[in-house]
Every structure is written in C-alpha cells, then in structure tokens.
Amino acid sequence: MNRGAILYITLICGIATFASCKSMVTASDVIKQKNKSQKAVAKAQQELVELAQMKEKYSEDAAKAEIKSLKSQQKTIKKDIKKLGGLKGSTTVEATSGVLSQLKDKNEKISTQIDELENQPKENWQSSIEAIKRDSQVLQSQIDAITKNVSKK
C-alpha cells in the first residue's frame, strides 16, 4: 500500500473515532435522565393524588346538587297537594283524588331518594392514594436500581 492510502485510512479512522466519541452517553447524561425521571414520577404522583381528591369532592357536590333539585321538586309537589286538598265540592274532590294520590306517592318517592342521597357514604379514595404513593416508591426504587452503578461526575 502506498503512503497516501495509509494516511487516508488513518484519517478516516480518526474521524470515525472522533465522531463516535461525540455520540457517547456520559455519566452526566445518565444522571440528568435520572433526575428528569424522578421529577416525572413525583409530578405523576401529585397529579393522581389531586385527581382522587377532586373526584371525592365532585361526588359530594353532585349529591348535594341532586338533593337540592329533589327538594325543589318536593316543595312544588307539596304546594300542589295543598292546593288540591283545599278544593271543595263533591265532583271536584272525586276528580282530584287520583291526582292527589299520585302527587303524594311522588312526594314519598322523592323523600326516599333524598334520604338515600343524604345517607350515602362519602366516596373515599384514600386507599387509592396510598396505592399511588406505594407505586411511586416502586418506580423510584427502579430508577435507583438502574442508576446505582453510575458515578456522579
């Protein structure tokens, strides 16, 4: 081989070596990724806990809104019952007795629904929150296990 070819091959190998060094992953890169991963796990845990707490509040607020709506309906029904009950005359009483009976039944059903909503146990997502925290700790442990032999430089 001539000298030019050897020089050319050496030059190509040198450039390839230099280029490959530039794409090497360093310990610093791994530590940066570890920190990024830890922040992502912590953020996900925070978001999931907030979601569970928000769901508890939503369920409570939805039940209160339903109770308020049912009480409003019940108030209207009671007014109608009172109006129909105050009517006089035999033909009027006979004509309204069926309607009056239906209104009283509806009033009873609404009372039952209100009682059920008021006595419904509050949603409790605490066990899910604890599971989220445990799972986050497992992820943190996995991150630590993956990066345990990387020295900080």
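Here's what I pulled together on the structure shown here. (Residues numbered from 1 in each chain as written. Predicted model: local features only at pLDDT ≥ 70, side-chain atom pairs only at ≥ 80, totals over all residues. Heavy atoms only, no water.)

So, on to the overall build of the chain. Helix and strand content of the chain: four helices and zero strands. Mapped from its N terminus to its C terminus, the chain presents α and β elements in the order α-α-α-α. In the chain, which comprises 153 residues, the proportion classed as buried is 16%. Partitioning the contacts of the chain with sequence separation of at least 6, the portion at a separation of at least 24 is 83%. (Helix = DSSP H or I, 4+ residues; strand = E, 2+ residues; numbered from the N terminus. Buried < 20%, exposed > 50% of the residue type's maximum accessible area, 1.4 Å probe, protein only. Contact = heavy atoms within 4.5 Å.)

Let us look at the environment of Asn35. Mapping Asn35 onto the fold places it in helix 2 (residues 27-85). For Asn35, a relative accessible area of 35% corresponds to the partly exposed category.

We now examine the nonpolar core. Within the largest apolar cluster, nine residues are counted, these being Ile67, Leu70, Ile77, Ile81, Leu84, Leu100, Leu103, Ile110 and Ile114. Among the elements of the structure, helix 2 and helix 3 (90-119) are those that each provide at least two residues to this core. It is helix 2 that contributes the most residues to this core, five residues altogether. (Core = buried A, V, L, I, M, F, W, Y, C linked by side-chain atoms within 4.5 Å.)

Glancing now at the packing of helix 2 against helix 4 (residues 126-147). Closest axis-to-axis distance for the helix 2/helix 4 pair is 10 Å, and the angle between their directions is 175°. The orientation of helix 2 relative to helix 4 falls into the category roughly antiparallel. Contact residues: Val30, Lys34, Ser37, Gln38, Val41, Ala42, Gln45, Leu48, Val49, Ala52, Gln53 and Glu56 in helix 2; Gln126, Ile129, Ile132, Lys133, Ser136, Leu139, Gln140, Ile143, Asp144 and Thr147 in helix 4. When its residues are assigned to classes, the contact of helix 2 with helix 4 shows 10 nonpolar, eight polar and four charged. (Axes fitted to C-alpha atoms, helices over the stretch in contact; angles between N-to-C directions. Parallel < 35°, antiparallel > 145°, perpendicular 65-115°, else oblique. Nonpolar A, V, L, I, M, F, W, Y, C, P; charged D, E, K, R; others polar.)

Below, the discussion takes up the side chain of Thr147. Mapped onto the fold, Thr147 is located in helix 4. Excluding residues that lie within four positions of it along the chain, Thr147 makes contacts with Val30 and Lys34.

This part takes up the pattern of salt bridges. One pass over the structure, following the stated rule, counts seven salt bridges. Note that Glu123 is salt-bridged to Lys55, the shortest N-O span being 3.0 Å. Of this pair, Glu123 sits in the loop between helix 3 and helix 4 while Lys55 is found in helix 2, placing the two residues 68 residues apart along the sequence. For the salt bridge of Glu118 with Lys71, the shortest nitrogen-to-oxygen distance reads 3.5 Å. Residue Glu118 is located in helix 3, and its partner Lys71 is located in helix 2; the two are separated by 47 residues in the primary sequence. (Salt bridge = Lys/Arg side-chain N within 4 Å of Asp/Glu carboxyl O.)

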